[in-house]
Amino acid sequence: MPRKRKEEDTTEDPNAQTVSVKQEPAAPREPQTERDIERLQDSLRRLKVKKGIIGYILRAEKSASIDINDPTKIIDYAVLSSIVLNAGEILSSSFELGGVYKVTLEGEKAKMLTLRTNNHSLSVFMENTLDSDKIHRELDVS
Amino acid sequence: MEKEAYVEALKNTLTEIRNVSPGINSSFIFTEDGAVIAGDPEVANMSINTTLSSFQKIAEKAELIGGLRSFSVDGAQGRVYISHINNLYLVTATSKNIDENILRSVTQVIIPTVLKLLETINPVPLKSTQSQQLVVEAFSGFFTGDTVQIDPKLLSEWSGLFNGQNINEVEIKAPDGETTRCKVKEITDTNLQGKGIIRIPDRVCKALEVNKGESVTIKPLEP
């Protein structure tokens, strides 16, 4: 059963569950990387309460953070995110696209925006009413 | 219009689009069951195979978001865009800075219009193509022999193409063009059915130089 995050969570949805997974103690990092992650997490907390946002999965070097409205679908979204990331890498290699920085998957009901940097990857799930390019700009991931 | 003419028309369309659209490097079209209908000669077989293999995995899981409508990968030097048009999928590889209007025009207007026009002139059941791309699942055992295993539904479809006769042998083509013929039977394990795989004995995999997870092209041989 996923545990709620201990830090304060201002999400409006009482049924949402946040899962933080620390795989092993984090090695000392450069301050800039820590600040980037913290800044991104702040952006995600603000984004999460927006209408139409289903949730997100943030994967850093040694940890992952998942916040999905429907806790029964956490694993499904995690698997989809993983498969899409992997497919992006494979297609990038096959078509010689260079380093992948964005993958977008759109379905009939919802869409997934995945952003990659050297240090982390972020998948945001949203309803089709939202503009994924606008969400990308709001997150300001570089 | 015969099917060959339909495919030729599509192929010419893709080639001309590439010629006149700056930024579009290559493209191809495939059906929902993974059969390539028309392809730009610029696209390497390996790229087609990896695209189909990746697409299958995503399509299975995309039910979570209502089925796959479009998929795009943006890299430092280029982009690949897969869009769903009627019961077909269009794959377009472009340069990094392609004009979005051009891409949208091609994928959402020109190709759909051409497809609709071709279907209006003479509807062609594209799904009933014989060749099929399947993902390799290698297996070993004492009594495996050289017989491969395929989904019973696919064998049944192929059987329909030959007046209900059982399909006993298939031709397998590896990504590098190497081919071989093998006896075929159904996959009996229900957990493995409906996943777009072909179970191939290890020694046949070695002879074809294919590994688990790669895509191969399978064609039924007339009974």
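Residues numbered from 1 in each chain as written. Chains lettered and ligands numbered in written order. Predicted model: local features only at pLDDT ≥ 70, side-chain atom pairs only at ≥ 80, totals over all residues. Heavy atoms only, no water.

Caption draft 1: View of the packing of helix H2 (residues 74–94) of chain A against helix H2 (residues 45–61) of chain B. Where H2(A) contacts H2(B), the axes come no closer than 10 Å and their chain directions differ by 170 degrees. One element, H2(A), and the other, H2(B), form an angle in the roughly antiparallel class. In this structure, H2(A) contributes Val79(A), Leu80(A), Ile83(A), Val84(A), Ala87(A), Ile90(A), Leu91(A) and Ser94(A) to the contact, and H2(B) contributes Met46(B), Ser47(B), Thr50(B), Thr51(B), Ser54(B), Lys57(B), Ile58(B) and Lys61(B). Tallied by class, residues from the contact of H2(A) with H2(B) come to nine nonpolar, five polar and two charged. (Axes fitted to C-alpha atoms, helices over the stretch in contact; angles between N-to-C directions. Helix = DSSP H or I, 4+ residues; strand = E, 2+ residues; numbered from the N terminus. Parallel < 35°, antiparallel > 145°, perpendicular 65-115°, else oblique. Contact = heavy atoms within 4.5 Å. Nonpolar A, V, L, I, M, F, W, Y, C, P; charged D, E, K, R; others polar.)

Caption draft 2: Representation of the confidence of the model for chain A within the structure. Residue and element names in this part refer to chain A. Taken residue by residue, chain A gives an average pLDDT of 80. The fraction at 70 or more is 75%. Here residues 1–12 scores under 50 on pLDDT; set against residues more than four positions off or in separate chains, the count is 25 contacts. Below pLDDT 50 for its whole length, residues 22–31 participates in seven contacts with residues either more than four positions away or in separate chains. (pLDDT = per-residue confidence, 0-100.)

Caption draft 3: Looking closely at the interface of chain B and chain A. The interface of chain B with chain A comprises 31 residues on the first partner and 29 residues on the second. Of the roughly 2700 Å² buried at the junction of chain B and chain A (both faces included), carbon and sulfur atoms supply 65%. Looking only at chain B, the three residues that lose the most surface to chain A are Leu64(B), Ile65(B) and Arg69(B), adding up to 28% of its buried area. Counting across the chain B and chain A interface gives two salt bridges. With a shortest N-O distance of 2.8 Å, Glu106(A) and Arg69(B) are connected by a salt bridge. Looking at the side of chain B that touches chain A, the elements with two or more residues in it are H2, strand S3 (68–75), strand S4 (78–85) and strand S5 (88–95) of chain B. In this sheet, S3(B) lies alongside strand S4 (residues 100–107) of chain A in antiparallel orientation, the contact comprising seven bridges. Paired with Glu106(A) across the strands is Ser70(B), a residue of S3(B). (Buried area = accessible area lost by both parts, 1.4 Å probe. Salt bridge = Lys/Arg side-chain N within 4 Å of Asp/Glu carboxyl O. Pairing = 2+ DSSP bridges.)

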